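An overview of the molecular structure
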2 protein chains.
Amino acid sequence: MSHSFHPPQRILMGPGPSDVSARVLGALGRPTIGHLDPLFIELMDDTKQLLQYAFKTQNELTIPLSAPGSAGMEAAFVNLVSPGDTVIVCQNGVFGGRMKENVERCGAHAVMVQDRWGDPVDPQKVEEAFAAHPEANLLAFVHAETSTGVRSDAKTLCELAQRHDALTIVDTVTSLGGIDLCVDDWGADAVYSGTQKCLSCVPGLSPMTFSAKAVARIQNRATKVQSWFLDMQLVMGYWGGNTKRAYHHTAPVNALYALHESLLILQEEGLDASFARHRENHLELVSGLEAMGLSMAVAPDWRLPQLNAVCIPDGIDDAAVRSRLLHEFNLEIGAGLGELAGKQWRIGLMGHASSRVNVQQCLTALRHVLGH
Amino acid sequence: MSHSFHPPQRILMGPGPSDVSARVLGALGRPTIGHLDPLFIELMDDTKQLLQYAFKTQNELTIPLSAPGSAGMEAAFVNLVSPGDTVIVCQNGVFGGRMKENVERCGAHAVMVQDRWGDPVDPQKVEEAFAAHPEANLLAFVHAETSTGVRSDAKTLCELAQRHDALTIVDTVTSLGGIDLCVDDWGADAVYSGTQKCLSCVPGLSPMTFSAKAVARIQNRATKVQSWFLDMQLVMGYWGGNTKRAYHHTAPVNALYALHESLLILQEEGLDASFARHRENHLELVSGLEAMGLSMAVAPDWRLPQLNAVCIPDGIDDAAVRSRLLHEFNLEIGAGLGELAGKQWRIGLMGHASSRVNVQQCLTALRHVLGH
């Protein structure tokens, strides 16, 4: 290639990134200023407040990590887990498996609670895991499984952990801004998300929030956090409080402009209105898909409105369909991940991309390509 | 605040981020596409080639890491260091200390080679460290110390490591694109940089390259890399070769548009022309500063043209001067870091910011504020 890259205008209805609005792209492209500039510090402070609104939390340590959601997951584990700990990890999709990897790379023991991919986490099994492993001091689960389109009951799981004096790590990469997420009400302790899902910001940052109990555990660690870059005691020195900010790393200045703008848009709409919009467009999509003879992979109560898992009918060439959608309609939908590859499509209706126009375009394009 | 953020147009002459050109900002703000889109894969391949040009390497594993330079440093260490290893770390500024932290958090032993902040690394001391620690299998040093404005002799240090059968980790955060950097000629093994210095791209990514010997060491590790996010065996699955790309994390799509554009600009100018421009503007700045009675902190042979360490005269209020430059002239210069805080300024002439216009604006503003 070796010439300037001019991407086409896609309609992003996969598992993320979702469509980024012109308003957010405009913010992204504003002039770069220094990461210790007083005006940038004001932006950081305002971003923290907007994130507190989005997460429904008063947690002081509420920041965007300067790396993607996968690094947010790792930051939660390396800060809260010490070598020799026992961690209960719920797996009902790809990302529970990644949590297990994180626990083990921290030198700790992961007790796995397995549920079928496509089902929510079963609290009864978690209860049994705590009974069998009273030494467990942490419960980790995914609120909205991006690989399966399933919501789990985060409130119940957090309560259960609290009864066993365990902290919680909650993956909200796909839930933040799309479905109700109540960090303080639930008493969740370390919560991470991504910017490229229901916030409809560019990928690359991970909004995170830590409860006072989580911060206390971090401050009382007997061993150093194994990652220097993700060590929250150091990150807090740059993002934290009213004290003079200490240089830790160079923040991704322009990406933070974009995140700030996307959080403003969410606040302007209001969380409840955003959740309602996601739900309405989801219902319209499901109704259109079912009218076409397609069936949803997840039971109605546990479906994520922002990520719709659809069974691929027998005899349909998965890759060929997605390729035609992309090339004939500039429409991206998601493939199945892990054991669901080839069996399901994942149709995202996330953030800015959750609109009636997109629902109709997607249905029209699918009808055309499937020959209905 | 809670309204859209409109940053002023600063002149960024600190230690980075440097000024980002309108062309790069334009690329940054283009429509987001999927991180597995075939067109994005083409962009990734082209970016790898442009990075090979910038690093002067044929290394296959040459990629931008999806996180800032600090994470690039950590990626080099966690992949090449195993628990119990002995690593020789050269320190002549802030970043050597950060290398030590990384070694220790990998469960390895750091043998420190200390030089005065403001001097280059002394190869004789490194030779002595290898003699005292024949078990050392890695040498780590900073090519261009951002905290002091000093270049070290990377070629000699790499040769020395090779004679002792040790691999090398070389920090080129501030050197890439600004001074000569010959990864293959030197035989450097793991080299990381940043985007926000002489590439004049937005902060947030870390260009990296690994030699075949480094890749072999990673592939033959007895223990897993302690970081899942930075595990190069996994990152290679997404960025690597001609095989089907495996999902690892969501790449920061728009930041990669910007990096691609900034690398194109570097290739259009040519490395040698870029180095010559950095050198000429540096000489003009030094001559103007000396005419004003200011003195440089680093001996001429070891000065970085892209980062000029200037002694703050007695009786001058460091913070007040920088604040006036920022508020009256929209000009950012850098404070001293670590033990040099309050003693030196760091004036960057990096990438797009290395121009005659900036040199003259900086000299004029400094003359005004210092009352010369």
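Residues numbered from 1 in each chain as written. Chains lettered and ligands numbered in written order. Predicted model: local features only at pLDDT ≥ 70, side-chain atom pairs only at ≥ 80, totals over all residues.

The next thing to look at is the overall build of chain A. Looking only at helices and strands, chain A has 13 helices and 13 strands in total. Rg of the C-alpha trace for chain A: 21 Å, near the compact-globule value of 21 Å for 372 residues, within the 12% margin. For chain A, the C-alpha atoms occupy an extent of roughly 60 × 55 × 40 Å along the three principal directions. The buried share among the 372 residues of chain A stands at 58%. (Helix = DSSP H or I, 4+ residues; strand = E, 2+ residues; numbered from the N terminus. Rg over C-alpha atoms; globule rule 2.2 N^0.38 Å. Buried ≥ 20, exposed ≤ 12 C-beta atoms within 10 Å, placed from the backbone.)

All names here are of chain B. Strand order in the open sheet formed by four strands is 1-12-13-11, with mixed pairing between adjacent strands. The open sheet has two free edges, formed respectively by strand 1 (11-13) and strand 11 (307-311), since each of these has just one partner strand. Strand-to-strand twist of the sheet, defined as the mean angle between neighbouring strand axes without regard to direction, takes the value 30 degrees. Pairing of strand 12 (residues 331-335) with strand 13 (residues 344-348), which is carried by two bridges, proceeds in the antiparallel orientation. When the sheet's bridge partners are listed, Gly334 is paired in strand 13 with Arg346. (Pairing = 2+ DSSP bridges. Axes fitted to C-alpha atoms, helices over the stretch in contact; angles between N-to-C directions.)

Here we come to the relation of the copies chain B and chain A. The two copies are related by a screw operation: chain B maps onto chain A through 180 degrees of rotation and 0.0 Å of translation along the axis, at an RMSD of 0.0 Å. In short, the pair behaves as if placed about a two-fold rotation axis. Most of the interface of chain B is mirrored in chain A, where 98% of its interface residues are also at the interface. (Least-squares fit on C-alpha atoms with pLDDT ≥ 70 in both. Contact = placed C-beta atoms within 7 Å.)

Moving on, we come to the nonpolar core. If you look at the biggest cluster of nonpolar residues, it comprises 233 residues, and the most contacted ones within it are Val126 and Leu138 of chain A together with Val126 and Leu138 of chain B. Sequence-distant contacts of Val126 of chain A, defined by excluding residues within four places in its chain, comprise Ile88, Cys90, Val113, Val121, Leu139, Leu157 and Leu160 of chain A. (Core = buried A, V, L, I, M, F, W, Y, C linked by C-beta atoms within 7 Å.)

Residues and elements named next belong to chain A. Spatially, 1-12-13-11 is the arrangement adopted by the four strands of the open sheet, whose pairing is mixed. Unpaired on one side and paired on the other, strand 1 (11-13) and strand 11 (307-311) mark the two borders of the sheet. The sheet shows a mean angle of 30 degrees between the axes of neighbouring strands, taken without regard to direction. Sheet topology places strand 1 next to strand 12 (residues 331-335); three bridges connect them, and they run parallel. Paired with Ile11 across the two strands is Leu331, which belongs to strand 12. Along the sheet face, helix 13 (residues 356-370) touches strand 1, strand 12 and strand 13 (344-348) and points at about 85 degrees away from the line of strand 1.

Quick look at the domain arrangement of chain A now. All names here are of chain A. Splitting chain A by domain gives domain 1 (11-17 + 271-370) and domain 2 (22-267). Facing 25 residues of domain 1, the contacting portion of domain 2 comprises 25 residues. Taken together, the elements giving at least two residues each to the side of domain 1 that touches domain 2 come down to helix 11 (271-291) and strand 11. A per-class count over the side of domain 1 that touches domain 2 returns 14 nonpolar, eight polar and three charged. (Domains from an automatic or database assignment. Nonpolar A, V, L, I, M, F, W, Y, C, P; charged D, E, K, R; others polar.)

On to the confidence of the model for chain A. Model confidence for chain A is summarised by a mean pLDDT of 96, while 99% of its residues fall at 70 or above. Scored as a complex, the prediction yields pTM 0.97 and ipTM 0.97. (pLDDT = per-residue confidence, 0-100.)

Looking now at unusual backbone geometry. Omega for the peptide link from Gly16 of chain A to Pro17 of chain A comes to 0 degrees, which places this bond in the cis form. Checked against the element boundaries, Pro17 of chain A lands in the loop between strand 1 and helix 1 (22-28). At Asp165 of chain B, a position not held by glycine, the phi torsion is positive, near 55 degrees. Within the fold, Asp165 of chain B resides in the loop between helix 6 (154-163) and strand 8 (167-171).

A separate point is the interface of chain B and chain A. Interface extent is often summarised as the accessible area lost during association of the parts. On the side of chain A, 62 residues touch chain B, which itself brings 63 residues to the contact. Within the residue set of the side of chain B that touches chain A, elements represented by two or more residues are helix 1 (22-28), helix 2 (38-55), helix 3 (69-80), helix 4 (94-105) and helix 10 (253-269) of chain B. Examining the composition of the side of chain B that touches chain A, we find that seven residues originate from one element, helix 10 of chain B, more than from any other. Residues that form the side of chain B that touches chain A fall into these classes: 29 nonpolar, 22 polar and twelve charged.

This part covers the pairing of strand 8 (residues 167-171) of chain A. Residue and element names in this part refer to chain A. For strand 8, a buried count of five out of five residues is recorded, marking the element as mostly surrounded by other parts of the structure. Residues of strand 8 alternate between two faces, with Leu167, Ile169 and Asp171 on one and Thr168 and Val170 on the opposite face, all of them buried. The sheet contact formed by strand 5 (residues 138-142) and strand 8 spans five bridges and is parallel. Residue Phe141 lies in a different strand from strand 8, and its bridge partner there is Val170. The sheet contact formed by strand 8 and strand 9 (residues 190-192) spans three bridges and is parallel. Its bridge partner being in strand 9, Ile169 is matched across the sheet by Ala190.

A word on the pairing of strand 2 (residues 61-65) of chain B. Every other side chain in a regular strand lies on the same face of the sheet, so the side chains alternate between the two faces. All names here are of chain B. Burial analysis of strand 2 places five of its five residues in the buried class, which makes it a mostly covered element. The two faces of strand 2 match: Leu61, Ile63 and Leu65 on one face and Thr62 and Pro64 on the other face are all buried. Sheet topology note: the strand 2/strand 10 (residues 206-210) ladder contains five bridges and is antiparallel. From the neighbouring strand, Leu61 faces strand 10, where its bridge partner is Phe210.

Bringing helix 6 (residues 154-163) of chain A into the picture now. All names here are of chain A. Among the residues of helix 6, those classed as buried are Ala154, Leu157, Cys158, Leu160 and Ala161. Seen end-on, helix 6 carries its buried residues on one side only, within an arc spanning 160 degrees. Asp165 sits one or two positions beyond helix 6 and adopts a positive phi of about 55 degrees. (Arc of directions from axis to C-beta.)

Time to look at the packing of helix 3 (residues 69-80) of chain A against helix 4 (residues 94-105) of chain A. How two helices pack is summed up by the angle between their axes together with the distance between the axes. Residue and element names in this part refer to chain A. Contact geometry for helix 3 and helix 4: axes closest at 9 Å, N-to-C directions at 40 degrees. If you check the angle between helix 3 and helix 4, you find them oblique. The crossing of helix 3 and helix 4 is right-handed. For the pair formed by helix 3 and helix 4, the contact residues are Met73, Glu74 and Phe77 on the first element and Arg98, Met99, Asn102 and Val103 on the second. Each residue belonging to the contact of helix 3 with helix 4 can be placed in one class, and the counts come to four nonpolar, one polar and two charged. (Parallel < 35°, antiparallel > 145°, perpendicular 65-115°, else oblique. Left-handed = near helix turned anticlockwise from the far one by under 90°.)

All names here are of chain B. Here helix 5 (residues 123-132) crosses helix 6 at 15 degrees, and the two axes come no closer than 10 Å. The orientation of helix 5 with respect to helix 6, classified from their angle, is roughly parallel. In the crossing of helix 5 with helix 6, the sense of the turn from one axis to the other is right-handed. Touching Pro123, Val126 and Glu127 of helix 5 are Thr156, Leu157 and Leu160, all from helix 6. The residue makeup of the contact of helix 5 with helix 6, split by class, is four nonpolar, one polar and one charged.

With that out of the way, let us pick up helix 12 (residues 318-329) of chain A. Here helix 12 of chain A contains twelve residues, and its C-alpha end-to-end distance of 16 Å stays within 8% of the 16 Å for a straight helix at 1.5 Å per residue. The first or second residue beyond helix 12 of chain A is Asn330 of chain A, which carries a positive phi of 55 degrees. (Expected span 1.5 Å × (residues − 1).)

Residue and element names in this part refer to chain B. Within the element layout of this structure, Cys311 appears in strand 11. Taking the C-beta count within 10 Å as the criterion, Cys311 has 18 such neighbours and is therefore assigned partly exposed. Along the backbone, Cys311 and Ala140 are 171 residues apart, and their C-alpha atoms lie at a distance of 28 Å. What Cys311 contacts, discounting residues up to four positions off in sequence, is Leu294, Ser295, Ala297 and Gln344.

With respect to the helices and strands, Leu176 of chain B occurs in the loop between strand 8 and helix 7 (183-186). Every residue in contact with Leu176 of chain B, bar those within four places of it in the chain, is listed here: Ala54, Leu181, Ser193, Cys198, Leu199 and Pro207 of chain B.

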